[in-house]
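Residue-level structure breakdown
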Amino acid sequence: MNPDQAAGRPDVSRRQFLRTAAVAGAGLVLSQAAQAAPEFLAPQEGAGDELALGVVGVGSQGRILLQRCVKIPGVRFVAVCDIWPYHQQYAANILKKYDQAVGVYEDYREMLAKEKHLDAVIVATPDWKHAEITIAALKAGKHVYCEKEMSNSLEEARQMVLTARQTGRLLQIGHQRRSNPRYWHALKLIDKDKVLGRITHFYGQWNRPRLYEIGFPPGKELADDALKRHGYDTMERFCNWRWYRQYSGGAMADLGSHQVDVFNWFLKTPPRSVLASGGLDYFNGQGREWYDNVVSIYTYAAPVGVVRGSYQVLNTTSHGGYYETFMGDEGSLVISEDVRKGLLYREVTAKRREWEDESQKIESMDREAIELKIGETRTAGGERTAEGQKLLEESQKDIHQLHLENFFNAIRGTATLTCPPEVGYETCISVLRANDSVAAARELPFKPEDFVA
């Protein structure tokens, strides 16, 4: 008899307790709740029950998440699901190396029916299947980590939010910058230290080179009847789903959603309007459907005042790569997941801060710039702050691992989700309406109620 039974209390296992705690905390998560820095608390080796995981979709992104999870103590895969046997075996072989034997499934419904002890499901399928699988997993009582974009359908994205609320299960959307210490450090500099003064404008881009079509190993194709059963008519469309409207929201959703999410986050509000131009210009006539370039202008009615900025995603040149820039009347800051890109520029008219004289500077764009270095924040006495040192320690981890750890810690009740479904829904609306603006060839407004699921 355990101590609870001896004391006349119900016999509640640790896993049941964790689930109950997660349900109780789920109602506290709000759209912009992630404004307080997250608690980076990794589960300790051997502490309590392992969380049992299943993953649906183990293509390139699914395998990235899988390989990060095996580095996290206290979690273990028990099931892998993918419609392609080639993907199934590839993922199962990876997990076998980590002594994680898994059940292998083609149909996620069979996985949910048989693997009833699953605590959480990772969904990394093409976007058009996110809502269907996520909603089914939530209704089956599982917590879900769903890759972005939430969905290529706003109504389906809304249903994901509502189902998470109704079931009391946690839903983390894969905007991993929300758990990245570099971004939390930058946000502190902007919000608390006011290094930019009043933000007036922003800019962002994700430019990537002309890419050839994604292929597949000869002899490993899905049979025609299997393709048709799962909603695809050719292997080409299955492998290159991001280019087709049935399966994705195009480059704005695939790439732009990461960065538009950062704009919404740092400006503390979703946009007021978007004006976008783009087209299928370079790849025209090659059977693709989504725009290969989009250039957009977003306007925000932010707490600091009106903020305007531009964002572009190009698929024909890698010039400049990917980054975001926030500009204010006292300075500007460049931030990126690419750790080589992080610079603070101060306006010559801005009042000099004491720490500026002690900061190491470089020449960039014919200007003096301070490199964005986590862990360099100091107290008035010149000592490095504990907060900064913790961020520095966590910044050594992989960016996806941090976001997954936040999800697992939220299940355990030791953290709050950094990207709950309400946040993902705001971003989904923000990027998909840019596609609508391209099609309409005019500026489109947002209403506050648009962002309320």
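Placed above this text is the structure.
A brief structural summary.

Rules of the game
- Residues numbered from 1 in each chain as written.
- Predicted model: local features only at pLDDT ≥ 70, side-chain atom pairs only at ≥ 80, totals over all residues.
- Heavy atoms only, no water.
- Pairing = 2+ DSSP bridges.
- Helix = DSSP H or I, 4+ residues; strand = E, 2+ residues; numbered from the N terminus.
- Axes fitted to C-alpha atoms, helices over the stretch in contact; angles between N-to-C directions.
- Contact = heavy atoms within 4.5 Å.
- Core = buried A, V, L, I, M, F, W, Y, C linked by side-chain atoms within 4.5 Å.
- Buried < 20%, exposed > 50% of the residue type's maximum accessible area, 1.4 Å probe, protein only.
- Parallel < 35°, antiparallel > 145°, perpendicular 65-115°, else oblique.
- Nonpolar A, V, L, I, M, F, W, Y, C, P; charged D, E, K, R; others polar.
- Phe/Tyr/Trp six-rings, centres within 6.5 Å; stacked < 30°, edge-to-face > 60°.

Looking at the sheet that holds strand β2 (residues 75-81)
Taken together, the 6 strands give an open sheet; going across it, the order is β3-β2-β1-β4-β5-β6, and neighbouring strands pair in parallel fashion. Of all the strands in the sheet, the pair left with one neighbour each is β3 (103-105) and β6 (171-173). Averaged over neighbouring strand pairs, the angle between their axes works out to 25° when direction is ignored. Where helix α3 (residues 60-69) meets the sheet, its contacts fall on β1 (51-56), β2, β4 (120-123) and β5 (143-146), and the angle it forms with β2 comes to roughly 155°. Running over the sheet, helix α4 (residues 85-97) touches β2 and β3 and is turned about 160° from β2.

Here's the deal with the nonpolar core
By size, the foremost hydrophobic cluster in this structure holds 78 residues, and its most contacted members are M111, M252, F266 and F326. In terms of residue count, the dominant contributor to this core is helix α11 (residues 250-267) (10 residues). Other than its neighbours up to four places away in sequence, M252 contacts S257, V260, V294, Y298, Y311, V313, V431, A434 and N435. In this structure, L65, C69, V102 and F408 belong to the second largest nonpolar core, which totals 28 residues.

Focus on the packing of helix α7 (residues 154-167) against helix α15 (residues 421-440)
It is at 10 Å that the axes of α7 and α15 come closest, and there the two elements cross at 175°. Relative to α15, the element α7 lies roughly antiparallel. Taken together, the residues of α15 that come into contact with α7 (itself represented by L154, A157, R158, V161, A164 and R165) are P421, E422, Y425, C428, I429 and L432. Residue classes in the contact of α7 with α15 are distributed as 9 nonpolar, no polar and 3 charged.

Re the packing of aromatic side chains
Enumeration over the complete set of coordinates arrives at 25 aromatic pairs. A centroid spacing of 5.6 Å and a plane angle of 75° characterise the contact between W84 and F238, whose relative ring orientation is edge-to-face. Of this pair, W84 sits in the loop between β2 and α4 while F238 sits in helix α10 (residues 235-239), placing them 154 residues apart in sequence. With respect to class, W84 is no different from F238; both count as buried. For the ring pair Y282 and F283, a centre distance of 5.0 Å and an interplane angle of 75° mean the geometry is edge-to-face. Cluster of aromatic residues (ring-pair linked, three or more members): Y183, W184, F202, F263, W265, F266, Y298, Y300, Y311 and F326.

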